[in-house]
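Structure assessment
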Amino acid sequence: MAGLITYIKESFDELKNNVSWTPWPEAQRLTVIVAVFSIIFSLAIWGVDTVFSRAVRAYFDLLN
């Protein structure tokens, strides 16, 4: 148990002192970019899914 606590303390020390963090304004800008592209891709996937589901439904309607 003591080894785990030491590991956690050393991990936090590593993050605090040795990691190079992205400046806050750049992190905000990149977050907005990721959010916008995520919305665009989700809408594209929704569109393709809608087209395919209608095509499959039309195909099975033709079979009946």
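Position numbers for residues count from 1 along each chain, tracking the sequence in the order it is written. Given that the model is predicted, a residue must reach a pLDDT of at least 70 before its local features are reported, and side-chain atom pairs must reach 80 or more before they are shown or counted; all residues, however, enter totals for whole chains, interfaces and linings. Processing note: side-chain calculations cover all non-hydrogen atoms of the structure and skip hydrogens and water entirely.

1. A few points about the overall build of the protein chain
Starting at the N terminus, helices and strands are each numbered in turn, a helix being any DSSP run of H or I of at least four residues and a strand any DSSP run of E of at least two. Summing up its helical and strand segments, the protein chain has two helices and zero strands in all. Restricting the calculation to C-alpha atoms gives the radius of gyration, and the globule rule supplies 2.2 Å times the number of residues raised to the power 0.38. For 64 residues, the compact-globule estimate of 2.2 N^0.38 gives 11 Å, and the protein chain exceeds it by more than 25% at 24 Å. A buried classification covers 2% of the 64 residues belonging to the protein chain. All accessible-area figures derive from a Shrake-Rupley calculation using a 1.4 Å probe, and residue coverage is judged against the displayed protein chains alone. Carbon and sulfur atoms provide 70% of the accessible area of the protein chain, an area that totals close to 6,200 Å². The convention is simple: Lys and Arg are positive, Asp and Glu are negative, and His and the chain ends are not counted. Working definition for charges: the position is that of NZ of Lys, CZ of Arg, CG of Asp or CD of Glu. Charge separation in the protein chain, taken as the distance between the mean sites of 5 positive and 6 negative side-chain charges, equals 7 Å. Partly exposed describes any residue whose relative accessible area lies between the buried limit of under 20% and the exposed limit of over 50%, with all areas from a 1.4 Å probe on protein chains only and scaled to the type maximum.

2. Some remarks on the environment of Ser53
Structurally, Ser53 is set in helix H2 (residues 24–63). The spacing of Ser53 and Trp21 is 32 residues in sequence and 44 Å in space, taken between C-alpha atoms. Under the rule applied, a polar contact is a pair of N or O atoms within 3.5 Å (in protein, one hydrogen donor and one hydrogen acceptor; residues adjacent in sequence only if both atoms are side-chain atoms). Side-chain polar atoms of Ser53 contact the backbone oxygen of Thr50, separated by 2.9 Å.

3. Regarding the packing of aromatic side chains
Centres within 6.5 Å make a pair out of two Phe, Tyr or Trp rings, where for Trp the six-membered ring is used; the pair is then stacked when the planes are under 30 degrees apart, edge-to-face when over 60, and tilted otherwise. The full count for this structure, using the stated rule, is two aromatic pairs. Considering the side-chain rings of Phe37 and Phe41, the 6.2 Å spacing of their centres and the 35 degrees angle between planes classify their relative orientation as tilted. In this pair, Phe37 and Phe41 both sit in helix H2, four residues apart, roughly one turn of the helix. Its relative accessible area of 52% is what places Phe41 among the exposed residues. With 5.4 Å between their ring centres and 70 degrees between their planes, Tyr59 and Phe60 make a pair best called edge-to-face. Among the residues examined, Phe60 registers a relative accessible area of 48% and is labelled partly exposed.

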